[in-house]
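Notes for the structure review
The primary structure of each chain is shown beneath.
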Amino acid sequence: MFSGVLVAIVTPFTDGRIDEEAFRGLINQQLALGINGVVPCGTTGESATMSHEEHKRVVEICVDEVRGRVPVIAGTGSNNTAEAIDMTLHAKKAGADGALMITPYYNKPTQEGVYRHFKAVYEAAPMPIILYNIPGRTASNVAPETIARLAKEKYIVGVKEATGDLNQMARTIDLCGPDVDVLSGDDSLTLPLLSVGGRGVISVACHIVGAEMIEMYNAFMAGDNKRARELHYRILPIMRTLFVETNPIPLKTALSWLGVCKPDVRLPLCPMALENEAKLRKVLTDYGLLK
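Residues numbered from 1 in each chain as written. Predicted model: local features only at pLDDT ≥ 70, side-chain atom pairs only at ≥ 80, totals over all residues. Heavy atoms only, no water.

Across all of its chains, the model carries 18 salt bridges by this definition. For R116, the salt bridge identified is with E112, shortest N-O distance 2.9 Å. Placement of both R116 and E112 in helix α4 (residues 111-124) is noted, with a separation of four residues, approximately one turn of the helix. Connected through shared salt-bridge partners, E20, R24, R57, E60, D64, E65 and R67 make up one network. (Salt bridge = Lys/Arg side-chain N within 4 Å of Asp/Glu carboxyl O. Helix = DSSP H or I, 4+ residues; strand = E, 2+ residues; numbered from the N terminus.)

With 14 residues, helix α12 (residues 274-287) extends 20 Å between its outermost C-alpha atoms, agreeing within 8% with the 20 Å of an ideal straight helix rising 1.5 Å per residue. Considered for burial, the residues of α12 that qualify are N276, L280, V283, L284 and Y287. Looking straight down α12, one finds that the buried residues subtend no more than 95 degrees of arc, so they occupy a single side. Across from the buried face of α12, at angles greater than 90 degrees, the exposed residues are L274, E275, K282 and D286. G288 sits one or two residues past α12 and shows a positive phi near 100 degrees. (Expected span 1.5 Å × (residues − 1). Buried < 20%, exposed > 50% of the residue type's maximum accessible area, 1.4 Å probe, protein only. Arc of directions from axis to C-beta.)

The computed volume of the largest pocket comes to approximately 620 Å³. What lines the largest pocket is a set of 27 residues, among which E46, S47, A48, T49 and Y105 lie closest to the centre. Listed by contribution, the elements that provide at least two residues to the lining of the largest pocket are α2 (52-66), α3 (81-94) and β6 (98-102). Roughly 150 Å³ of volume is contained in the second largest pocket. (1 Å grid on protein atoms, 1.4 Å probe; cavity = no way out; pocket = protein on both sides within 12 Å on 5 of 7 lines; lining within 4 Å. Points joined across faces, edges and corners; volume = space filled by probe spheres on them.)

Here we come to the side chain of K160. On the secondary structure map, K160 appears in strand β8 (residues 156-161). In this structure K160 is buried but unpaired, with D186 as the nearest side chain of opposite charge at 8.2 Å. Setting aside anything within four residues of it in sequence, one finds K160 in contact with L100, I130, L131, Y132, N133, L183, S184, G185 and I202. (Lys, Arg positive; Asp, Glu negative; His and termini not counted. Contact = heavy atoms within 4.5 Å.)

This next bit is on the side chain of E245. Structurally, E245 can be placed in the loop between α10 (225-241) and α11 (249-257). From its side chain, E245 meets the backbone nitrogen of A273 in a polar contact 2.9 Å long. Every residue in contact with E245, bar those within four places of it in the chain, is listed here: P250, P271, M272, A273 and N276. (Polar contact = N/O pair within 3.5 Å; in protein donor to acceptor, adjacent residues only side chain to side chain.)

With that out of the way, let us pick up the nonpolar core. With 84 residues, the main nonpolar core has V38, I208 and M213 as its most contacted residues. Among the elements that line this core, the one with the most residues is helix α9 (residues 206-221), at eight residues. If near-sequence neighbours (up to four positions away) are discounted, M213 is found in contact with V5, D187, T190, V201, S203, C206, I235 and M239. Within the second largest apolar cluster, 14 residues are counted, among which are A8, L100, Y132 and A162. (Core = buried A, V, L, I, M, F, W, Y, C linked by side-chain atoms within 4.5 Å.)

What follows covers the sheet that holds strand β5 (residues 73-75). Strands in a sheet are paired, the pairing made by backbone hydrogen bonds, and the direction either parallel or antiparallel. The parallel open sheet is built from eight strands, whose spatial order is β4-β1-β10-β9-β8-β7-β6-β5. The open sheet terminates on both sides in strands that have one partner only, identified here as β4 (37-39) and β5. Neighbouring strand axes in the sheet, compared pairwise and without regard to direction, differ in orientation by 30 degrees on average. Two elements, strand β1 (residues 4-8) and strand β10 (residues 200-203), share four bridges in a ladder whose sense is parallel. Bridge assignment links G4 to a residue of β10, and that residue is G200. Contacts from α9 reach β1 and β10, with the element oriented near 170 degrees to β1. (Pairing = 2+ DSSP bridges. Axes fitted to C-alpha atoms, helices over the stretch in contact; angles between N-to-C directions.)

Okay, here's the thing in structure tokens:
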């Protein structure tokens, strides 16, 4: 259902408030590149520091600005199942095409608890759901067997895999078959994941090198593996350096240099260390994006 290069879009802030004008402009910039979907209110969108009202407003703005041109997959996850249901119901009412749901964090549920969490959400708010498996942030890894169990339900249509473990991703693809779209949550693993049956990426780097990310995906799908590899290695330094500090700090810093939005992040995130800022500037300059 969801494949290709989807953008995990940032939430621009100005003076502590959502910058709606910059957000709408960024959405249209990405759409002009030919992006395959927009994912607001995820990790890159700093959903963890937004109020419920802000979170819902960002989803509404995104749906309004996209106007059905590509799917909108709204971040609706929580470690509180009732809260996740509320966010998912809102996303459905707002017109989102699907929900991206992080696995419950901090609680450290068992695999049975993870299963029951997602089951409760899609029963209360039936809409296409992409699981977001990122144990580095949640302290809870969803086993491929659990994903396969959830995939038997028609509303669990995909998984954003950010474990960094290609073996686990391949195991999930093997167990789930065509019933689940396995998408990379790490830009640098997009091409390796495609090679074992992945369907695309929910990308951070496409804010900066979206045209190249899309071309790499299209080249692979067309069977031009040589061109896909060339593009992978060309943009790999940017993909890596955007994570030299916690996402989206480097990304927002880069976007500010490119005149897209302010670098503002909310505490407990903070501006980049000067030495890391220098590394980021060098990579972008070497690529030709800065002078």
